[in-house]
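# Chain and residue survey
Given next are the chains, with one letter for each unit.
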Amino acid sequence: MTGSPAAADAPRDEGPRRPGAVLSRAVVPLDEATDPARFGHKAANLAVLRGAGLPVPDGVVVPAAAGDAGTVPGELVAAVGAWGDVPLAVRSSGTAEDSPQASFAGLYTTVLGVRGEAALREAVARCRASAAAPRVGAYAGPGPAPAVAVLVQPMVAAVAAGVAFTADPVTGDRGVVVIDAARGVGERLVSGAVTPERWEVRDDPRRRSPDADAVIDAGTAATVADLARRAERVLGRPQDVEWAGTADGGVVVLQSRPITTLARRTGTPLPVPAEPPEGYWTRETSHSPLPWTPFTRAVLAPRNRALEQVCTELGLLFQAVEFRDIGGWEYMRIVPLGGREPPPLPAWAVPLAVRLVPALRRRVRSAEAAVRSDVPGTLIERWHREWRPDLDARAAALRDVDLTALDDAALLATARAALELTRDGQTVHFRLHGAIAMVLGELAAVSRDLLGWDDGRVFDLLAGTSRTSTAPARALAGVAALVRERPDVRRLVEEGAAVEQVLAADPAVAGAFVAYLREYGCRVLRYEMAEPSLEERPDLVLALLRDQLANGFDPHAVEDALRERRTAARADAEARLATRGPADREHFTRALERALRAYPVREDNEVSTVSTPFALLRRAVRETGRRLSARGLLTDADDAFLLEPEELLAALREGTDRRGLAGRRAREQAWVLAHPGPASHGRPPPPPPPLSALPAGARASNGAFLWAVEQIIGPQAVPGGAPAPEDTTRDGVLLRGIPASAGSYTSPVRVVRSEAEFGRVRAGDVLVCPVTSPVWSVLFPSTGALVTDAGGALSHPAIIAREYGLPAVVATVEGTTRLHDDQLVTVDGATGTVRAVR
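About the criteria used
- Residues numbered from 1 in each chain as written.
- Predicted model: local features only at pLDDT ≥ 70, side-chain atom pairs only at ≥ 80, totals over all residues.
- Heavy atoms only, no water.
- Helix = DSSP H or I, 4+ residues; strand = E, 2+ residues; numbered from the N terminus.
- Buried < 20%, exposed > 50% of the residue type's maximum accessible area, 1.4 Å probe, protein only.
- Contact = heavy atoms within 4.5 Å.
- Areas by Shrake-Rupley, 256 points an atom, 1.4 Å probe, with all protein chains shown as cover.
- Expected span 1.5 Å × (residues − 1).
- Pairing = 2+ DSSP bridges.
- Axes fitted to C-alpha atoms, helices over the stretch in contact; angles between N-to-C directions.
- Parallel < 35°, antiparallel > 145°, perpendicular 65-115°, else oblique.
- Left-handed = near helix turned anticlockwise from the far one by under 90°.
- Nonpolar A, V, L, I, M, F, W, Y, C, P; charged D, E, K, R; others polar.
- Core = buried A, V, L, I, M, F, W, Y, C linked by side-chain atoms within 4.5 Å.
- Phe/Tyr/Trp six-rings, centres within 6.5 Å; stacked < 30°, edge-to-face > 60°.
- Lys NZ or Arg CZ within 6 Å of the ring centre and 35° of its normal.
- Polar contact = N/O pair within 3.5 Å; in protein donor to acceptor, adjacent residues only side chain to side chain.
- Salt bridge = Lys/Arg side-chain N within 4 Å of Asp/Glu carboxyl O.
- Patch = residues over 30% accessible without salt bridge, like charges linked within 9 Å, V, L, I, M, F, W, Y side chains within 5 Å.

## With respect to the overall build of the chain
Scanning the chain for helices and strands turns up 25 helices and 23 strands. Residues classed as buried in the chain amount to 57% of the 838 residues present. When contacts within the chain are restricted to residue pairs at least 6 apart in sequence, long-range pairs at least 24 apart make up 71% of them. If you sum the accessible surface of the chain, you get close to 31,200 Å²; carbon and sulfur atoms cover 54% of it.

Below is the structure:
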């Protein structure tokens with residue numbers, strides 16, 4: 001398809017013959033449907049854009065309050081007849097969708113290719129009925145269902161279509177327009193049925209996808225970008241624009257909605273000084289490759305106190321693991337005892353220092369005591385017996401609260417309870433981290449010393465025991481099994497139908513889908529709370545369901561394979577130990593049994609301590625932001641995440657105008673994104689003295705902890721650890737990283753930089769991403785292998801990949817930048833390499 005920027009200035013499509021003035025209160029020309037309360041945001045936005053001269057197809061609207069849900073006034077039939085015998089697009093236009101607060105994407109009905117009076121009546125009735133669909137109610141919350149108007153337009157004979165974002169949906173960069181394009185009508189792309197071609201337009205269009213078989217050219221990309229920017233100027237905030245290209249080179253706008261997940265950024269970026277404190281700090285990318293918003297950064301503050309407590313109670317020979325914001329980016333360091341790096345010590349001087357340095361002497365005694373009293377085992381049992389039931393009960397009490405029905409005082413109390421849940425959860429989370437590190441580190445050391453095994457072989461002993469990692473996918477497999485029994489529903493899913501269409505087709509499927517989202521939806525997809533949680537992405541869940549249908553994901557087969565791997569590894573270990581004495585055999589058995597109890601907690605606890613509490617707090621923040629925005633105290637509801645928790649709650653309690661503060665933070669955030677921090681600050685400390693010089697208890701506990709930190713975050717995070725993996729193209733090797741899950745797999749690459757791009761993954765792709773949170777596990781049944789920029793062999797992506805039996809390479813550093821969509825590669829999870837397929 002070809003086009004030029006001049007096409008954006010073409011007159012709007014008037015059609016063969018437009019309806020005249022308002023026919024009745026039941027049917028209104030699109031040009032006059034500018035009130036979102038009557039005509040829904042979809043129709044109102046298009047009406048405003050038509051009025052501003054953008055090329056929007058003609059249309060008529062049945063207002064939200066007009067007529068009966070199952071009938072269509074005769075005026076509508078007469079109005080659309082003015083266009084002649086053409087296929088029609090009939091779309092729901094909800095009064096709550098496409099608003100600055102929520103998109104409701106994929107929840108309401110769209111019916112394409114409608115011809116004839118009977119089909120038109122049925123299509124309108126389906127759109128009107130979608131307001132009461134179960135999933136809409138679950139997304140909108142308790143209370144009356146949002147009203148739905150109906151927009152009717154002549155269908156555009158599209159040769160290409162897609163979406164254009166006037167800000168990068170991942171980074172928030174306002175200087176670029178990101179365009180996805182596919183052949184044919186846009187619904188196939190929006191539903192996730194096809195993988196789009198991607199363009200970026202700053203000054204000149206740049207194609208990010210491979211050059212073969214292009215969907216659009218640079219001229220069309222420039223035209224689409226120009227239209228999208230004009231829509232943003234008219235509607236006053238960043239937009240997600242659906243567009244269609246016609247055979248004559250024209251481009252028309254089909255829909256424009258706010259990008260609800262972006263914090264509002266206006267004005268010139270405001271410089272943020274980077275003032276590194278004393279010490280050696282490394283960039284922490286294992287949990288988020290991007291800077292935190294002010295709200296999330298403040299919520300994460302308890303980590304430092306919790307990790308200092310861990311170091312004290314386990315007797316670690318350093319004061320803390322500390323996280324710090326430097327220039328807007330997150331860094332971490334291991335803080336030495338007393339806060340300052342000691343002079344380098346030779347091995348022979350360590351026993352002397354242990355006797356003469358009071359702080360070191362106290363820590364060594366604590367380490368010995370922690371080993372004797374089994375502090376790690378006590379903490380893990382406390383998780384099962386006390387912490388998990390308490391956190392889950394508090395989360396359950398908050399999950400079913402109708403926030404919209406609360407007055408301000410009650411909303412403040414609920415937000416405060418959710419905030420306290422996140423703080424308590426993080427304290428438990430990090431105390432468990434220390435305990436798990438000690439237990440797993442002990443197994444690694446025993447396996448290395450007695451069996452000569454490397455870490456990869458150790459993880460075979462634990463394969464398949466972290467069932468929380470795979471629980472969402474196993475549950476979705478149950479929904480997929482239900483869909484397979486219903487051919488009509490399966491056809492809708494495979495053809496990329498909207499969520500509401502699928503749910504309306506079968507009550508049993510609808511019930512299972514809604515139950516799935518209730519059980520597994522209240523979880524953040526990233527640790528950044530400004531990003532949507534899983535319950536806000538029913539379209540994603542439907543796409544994952546479609547992928548399970550396509551690849552025949554069988555959780556039972558995966559579990560059987562992992563059980564066999566685990567059994568074989570244990571049998572091998574016991575055979576090797578047969579020639580050793582009973583003390584060695586007992587030592588190994590005890591270490592393994594403890595690890596089998598601890599290893600699942602690494603993933604299990606994250607749901608109860610972090611992911612669910614964060615999602616519950618996000619709900620309260622969004623409702624607070626909505627109220628403040630409606631009262632003129634914030635420019636935009638999502639600006640709530642530009643405030644710290646106490647600033648936000650005070651604004652609701654006292655009616656404080658926070659627009660200026662949020663605006664300044666937005667400008668600072670824009671600066672930070674444009675100025676990434678260096679990989680490290682400060683001078684690396686000298687290598688620590690060998691642990692072998694320490695007493696036995698301190699040697700075991702500190703060695704285990706440092707091993708686990710390296711396995712979770714990556715070797716570059718540990719003083720004296722290995723450098724980042726070297727990249728090379730020799731012998732076809734594109735990237736080298738850390739082997740995380742054995743196996744070899746060849747398929748095209750799909751680069752996914754955030755959960756906003758989940759819909760681009762197709763069944764069988766090699767998923768390449770910066771890092772993943774545990775909730776990303778829902779995506780793993782759709783993929784064939786995993787490559788990440790960051791993390792270690794005990795990072796969330798590595799554990800989850802092993803639980804699905806997916807080959808995985810982590811800590812490649814540049815996977816997301818060196819690899820590109822549709823590139824054919826082989827991932828070898830045993831050697832830690834990614835090779836080009838010639």
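## Structural notes on helix H20 (residues 582-630)
With 49 residues, H20 should cover 72 Å at 1.5 Å per step; its first-to-last C-alpha distance of 72 Å lies within 8% of that length. At the exit of H20 stands glycine 632, carrying a positive phi of roughly 75°.

## Comments concerning the pairing of strand S8 (residues 197-201)
In terms of residue burial, S8 counts as a mostly covered element, since 5 of its 5 residues are buried. Of the two faces of S8, the one holding Glu197, Trp199 and Val201 and the one holding Arg198 and Glu200 are both buried throughout. Sheet topology places strand S7 (residues 177-183) next to S8; 5 bridges connect them, and they run antiparallel. Residue pairing for S8: valine 178 is matched across the bridge by glutamate 200. With 3 bridges joining them, S8 and strand S9 (residues 205-207) adopt antiparallel strand pairing.

## Quick look at the sheet that holds strand S3 (residues 88-94)
The strand order across the open sheet built from 5 strands is S1-S2-S5-S3-S4, with neighbouring strands paired in antiparallel fashion. Only two strands of the sheet have a single partner each, and these edge strands are strand S1 (28-29) and strand S4 (110-114). Sheet topology places strand S2 (residues 60-62) next to strand S5 (residues 148-154); 3 bridges connect them, and they run antiparallel. Across the sheet, residue valine 62 finds its bridge partner in S5, namely valine 150.

## Remarks on the packing of helix H15 (residues 487-494) against helix H18 (residues 538-551)
Two numbers describe a pair of packed helices, the interaxial angle and the distance between the axes. The N-to-C vectors of H15 and H18 enclose an angle of 110°; their axes lie 9 Å apart at closest approach. Between H15 and H18, the interaxial angle falls into the category roughly perpendicular. The two elements H15 and H18 cross, and the hand of that crossing is left-handed. Where H15 approaches H18, its residues Arg490, Val493 and Glu494 are matched on the opposing element by Leu542, Arg546 and Leu549. Class assignment of the residues belonging to the contact of H15 with H18 gives a composition of 3 nonpolar, no polar and 3 charged.

## Describing the nonpolar core
Counting residues in hydrophobic clusters, the biggest one holds 95 residues, and the most contacted among them are Leu443 and Phe588. Broken down by element, the residue count for this core peaks at 20 residues, all from helix H12 (residues 408-451). Grouped together as the second largest cluster of nonpolar side chains are 53 residues, Leu476, Leu503, Val778 and Val810 included.

## Focus on the sheet that holds strand S13 (residues 320-326)
Reading across the sheet, the 4 strands line up as S13-S14-S12-S15 and stay open at both edges, with antiparallel pairing between neighbours. What marks the edges here is a single partner per strand, and that holds for S13 and strand S15 (680-681). Note that strand S12 (residues 281-283) and S15 share 2 bridges and pair antiparallel. Bridged to threonine 282 within S15 is serine 680.

## Regarding the packing of aromatic side chains
Here the distance between the centres and the angle between the planes together describe a pair of aromatic rings. All chains considered together, the criterion is met by 6 aromatic pairs. Between the aromatic rings of phenylalanine 295 and phenylalanine 641, the centroid separation amounts to 6.1 Å while the plane-to-plane angle is 80°, which identifies the pairing as edge-to-face. With phenylalanine 295 in helix H7 (residues 294-299) and phenylalanine 641 in the loop between H20 and helix H21 (645-654), this pair connects stretches of sequence that are 346 residues apart. On the numbers, 6.0 Å between centres and 45° between planes, the contact of phenylalanine 553 with tyrosine 804 is tilted. Placement of the pair is phenylalanine 553 in the loop between H18 and helix H19 (555-577) and tyrosine 804 in helix H24 (residues 796-804), with a sequence separation of 251 residues. Assigned by exposure class, phenylalanine 553 and tyrosine 804 land together as buried. Above the ring of phenylalanine 323, the side-chain terminus of arginine 303 is found at 4.1 Å from the ring centroid.

## A look at the side chain of glutamate 536
By the element assignment, glutamate 536 lies in the loop between helix H17 (507-520) and H18. The exposure class of glutamate 536 is buried, given its relative accessible area of 12%. Of the polar contacts made by the side chain of glutamate 536, one reaches the side chain of serine 533; its length is 3.0 Å.

## A look at the side chain of aspartate 58
By the secondary structure assignment, aspartate 58 is in the loop between helix H1 (36-51) and S2. Exposure remark for aspartate 58: the relative accessible area of 1% places this residue in the buried category. Here the side chain of aspartate 58 touches tryptophan 83 through a polar contact of 3.1 Å, side chain to side chain.

## Details of the packing of helix H14 (residues 467-484) against H17
Between H14 and H17, the shortest axis-to-axis distance is 10 Å and the interhelical angle comes to 175°. Considering their axes alone, H14 and H17 lie roughly antiparallel with respect to each other. Touching Ala471, Pro472, Ala475, Leu476, Val479, Leu482 and Val483 of H14 are Ala508, Val509, Ala512, Tyr516 and Tyr520, all from H17. Looking at the contact of H14 with H17 residue by residue, the class counts come to 12 nonpolar, no polar and no charged.

## Quick look at the pattern of salt bridges
For the structure on display, the rule yields 58 salt bridges. A salt bridge links arginine 576 to aspartate 572, with the shortest nitrogen-to-oxygen separation between them at 3.1 Å. One end of the pair is arginine 576 and the other is aspartate 572, both in helix H19 and 4 residues apart, which spans about a single turn. Classification of arginine 576 as partly exposed rests on a relative accessible area of 43%. Of the charged contacts, one joins aspartate 822 and arginine 750 as a salt bridge, the two residues approaching to 2.9 Å between their closest N and O atoms. Note that aspartate 822 is positioned in the loop between helix H25 (815-818) and strand S22 (824-828) and arginine 750 in strand S18 (residues 744-751), a separation of 72 residues in sequence.

## Some words on the pairing of S18
Across 5 bridges, the pairing between S18 and S22 is antiparallel. Bridge pairing in S22 places serine 744 opposite aspartate 828. Of the pairings in the sheet, the one linking S18 to strand S19 (residues 765-769) comprises 3 bridges and is parallel in character. By the bridge assignment, arginine 750 is partnered in S19 with leucine 767.

## Some points on a nonpolar patch on the surface
Nonpolar side chains collect at one region of the surface, where Trp348, Leu352, Leu356 and Val357 lie side by side and expose about 450 Å² of accessible area between them. Within the secondary structure, leucine 352 sits in helix H9 (residues 350-356). You can call leucine 352 partly exposed: its relative accessible area is 37%.

## Overview of H21
The element H21 is extensively covered by neighbouring structure, given that 7 of its 10 residues are classed as buried. Taken together, the buried positions of H21 are Pro645, Glu647, Leu648, Leu649, Ala650, Ala651 and Leu652. In the core, the buried residues of H21 are packed alongside H7, H12, H20 and helix H22 (659-674). Once H21 finishes, glycine 655 follows within two positions and takes phi at roughly 70°, a positive value.

## Quick look at the environment of alanine 435
Here alanine 435 is to be found in helix H12. Given the relative accessible area of 0%, alanine 435 is considered buried. If we ignore the near neighbours within four places in the chain, the residues touching alanine 435 are Leu314, Pro376, Leu379 and Ile380.

## Structural notes on the environment of glutamine 548
Looking at the element boundaries, glutamine 548 is found in helix H18. Glutamine 548 sits 233 residues away from proline 781 along the chain, and the two C-alpha atoms are 6.7 Å apart.

## Overview of unusual backbone geometry
For aspartate 374, which is not glycine, the phi torsion reads 55° and is therefore positive. Its relative accessible area of 21% is what places aspartate 374 among the partly exposed residues. The phi dihedral of alanine 811 falls on the positive side, at around 60°, and the residue is not glycine. When you line up the elements, alanine 811 lands in the loop between strand S21 (808-810) and H25.

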